[in-house]
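Commentary on secondary and tertiary structure
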Amino acid sequence: VYKRQVFDSETLDGRLELRHVTLGRWSGAFGGQLTDRDFSAVGEEAFVPPSDTESWALFWVESAEFEHWRLDLGLRYENVDTSALELDHEHEHEEEEHHEEEEPETLSRDFSPLSFSAAAVWHVNDTSHLAFTFASAERAPGDAELFSFGPHLATQTFEVGDPDLGVETNRHYEVSWRLHEGALTGGITLYYDDFNDYIYQADTGLVEDGLPVRQWSQQDAKFSGGELELNWDIGHTRTGHWQLFGFYDRVKAELANGSNVPRIPPQRFGLGADWDHRSWAGNLTWIRADDHTDTTEYETPTPGYDLLNAEISYLFGFDSGAGVELYLKGQNLLNEDIRNSTSFLKDQAPQIGRNFVLGARLSF
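Notes on the structure in this doc start here. As the structure is a computational prediction, the values presented were derived from the model and not from experiment.

1. So, the pattern of salt bridges
Under the defined criterion, the tally for this structure stands at 16 salt bridges. For the salt bridge of Arg139 with Glu168, the shortest nitrogen-to-oxygen distance reads 3.3 Å. In this pair, Arg139 sits in strand 7 (residues 128–139) while Glu168 sits in strand 10 (residues 168–179), placing the two residues 29 residues apart along the sequence. Overall, the relative accessible area of 8% leaves Glu168 in the buried class. Salt-bridge contacts for Glu229 lead to Arg178; the nearest nitrogen and oxygen are separated by 3.3 Å. Of this pair, Glu229 sits in strand 12 (residues 211–237) while Arg178 sits in strand 10, and the two are 51 residues apart along the sequence. For Arg178, a relative accessible area of 31% corresponds to the partly exposed category. A single network of salt bridges, built from pairs that share partners, joins Arg139, Glu145 and Glu168.

2. What to know about a negative patch on the surface
On the surface, Asp8, Glu10, Asp38 and Glu54 cluster together into a patch of negative charge. One can find Asp8 in strand 1 (residues 6–23).

3. So, the environment of Thr35
The topology assignment puts Thr35 in strand 2 (residues 26–42). Judged by its relative accessible area of 21%, Thr35 is partly exposed. Considering only alpha carbons, one finds Thr35 and Tyr198, 163 residues apart in sequence, at a separation of 24 Å. In this structure, Thr35 is in contact with Thr11, Leu12, Asp13, Thr53, Glu54 and Ser55, ignoring residues within four places of it in sequence. Of note is the side chain of Thr35, whose polar atom sits 2.6 Å from the side chain of Asp13.

4. So, the side chain of Asp143
Among the secondary structure elements, Asp143 is positioned in helix 1 (residues 143–147). On the basis of relative accessibility, which here comes to 10%, the residue Asp143 falls in the buried class. At 2.9 Å, the side chain of Asp143 and the side chain of Ser51 are in polar contact. Other than its neighbours up to four places away in sequence, Asp143 contacts Arg37, Phe39, Ser51, Thr82 and Ser148.

5. Re the nonpolar core
One finds Phe195, Tyr198, Tyr200, Ala202, Ala221, Phe223, Ala253, Leu255, Val261 and Ile264 forming the largest nonpolar core, which totals ten residues. If you list the elements that add at least two residues to this core, you get strand 11 (184–208), strand 12 and strand 13 (240–255). Beyond its immediate sequence surroundings of up to four residues, Ala202 is in contact with Val213, Arg214, Gln215, Ser217 and Tyr298. Within the second largest apolar cluster, nine residues are counted, among which are Val80, Ala84, Ala140 and Leu146.

Conventions used here
Residues numbered from 1 in each chain as written. Predicted model: local features only at pLDDT ≥ 70, side-chain atom pairs only at ≥ 80, totals over all residues. Heavy atoms only, no water. Salt bridge = Lys/Arg side-chain N within 4 Å of Asp/Glu carboxyl O. Helix = DSSP H or I, 4+ residues; strand = E, 2+ residues; numbered from the N terminus. Buried < 20%, exposed > 50% of the residue type's maximum accessible area, 1.4 Å probe, protein only. Patch = residues over 30% accessible without salt bridge, like charges linked within 9 Å, V, L, I, M, F, W, Y side chains within 5 Å. Areas by Shrake-Rupley, 256 points an atom, 1.4 Å probe, with all protein chains shown as cover. Lys, Arg positive; Asp, Glu negative; His and termini not counted. Charge placed at Lys NZ, Arg CZ, Asp CG, Glu CD. Contact = heavy atoms within 4.5 Å. Polar contact = N/O pair within 3.5 Å; in protein donor to acceptor, adjacent residues only side chain to side chain. Core = buried A, V, L, I, M, F, W, Y, C linked by side-chain atoms within 4.5 Å.

Right under this line is the structure:
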């Protein structure tokens, strides 16, 4: 039986951005950001110690327009200092043998992530463009990844951090083509991500408090995937304005040791329709998710599913410009047993079955 826990997070955040005058073809901005986050988990089985994360960052972005090209550049330097009180793992359940309590040790890590990006957009003609993107992004590990130790009730795992984790680096390559004028619009995107020291949870094969022990770890990883979206504006008819759309997405992710990255979504494709007529509007969306079998050693395969959602609404407008929209949503209308492969609890808790939501939105 697990006891009640209370999480408290207080964050102060400030940002200053200055735009400079246009220099030739270039326009842009630079600035800085300060963040201070105090986090604590109160309870007998808190899995993360109280921590304080202080960070400051400097950034610079530039953009230039040429005859058929646009260039975008970005640079960000960050300093992240995370400190926490060490949890007493060995003696937290033992009786005190000394009259004086020892002060817990303070653990501290400091990181200096550096990220930059470059993107080029080629306007092939008035109706389409090609975009090329390269980005190198570094991320400092979070307090839970560094210092956690204990049962994490939301994920039903015994989570163990690693205070020796380093910065995670991702090099992102992307090419996309978009059609953005006329009745048929859409785009296709292909991407490749090369991670150095990717941070993920590895299974230790151990069990603690009846829960599998997962250790925050690092390993190189590679992601590749693509997305496709299409939208056909049928136009206005006697029955209203109709639009049809479709999409497809897929990602493959593999660690350097040849195993699959945990909690990856399956291949999906979907179709749908949007409709509006005077004060009425509605939509219908069908999504097909395939079986997910590219699992890591401690994951189970996830069966595919068909998800059918629908919504209809009516807008009451007023002369003042305000409005009240009444809507009815129907979700998972096929009442499928849907398991989300990205969820820690997919084997214990499926998504909600067939359900309906009646509500109102006020705009003014």
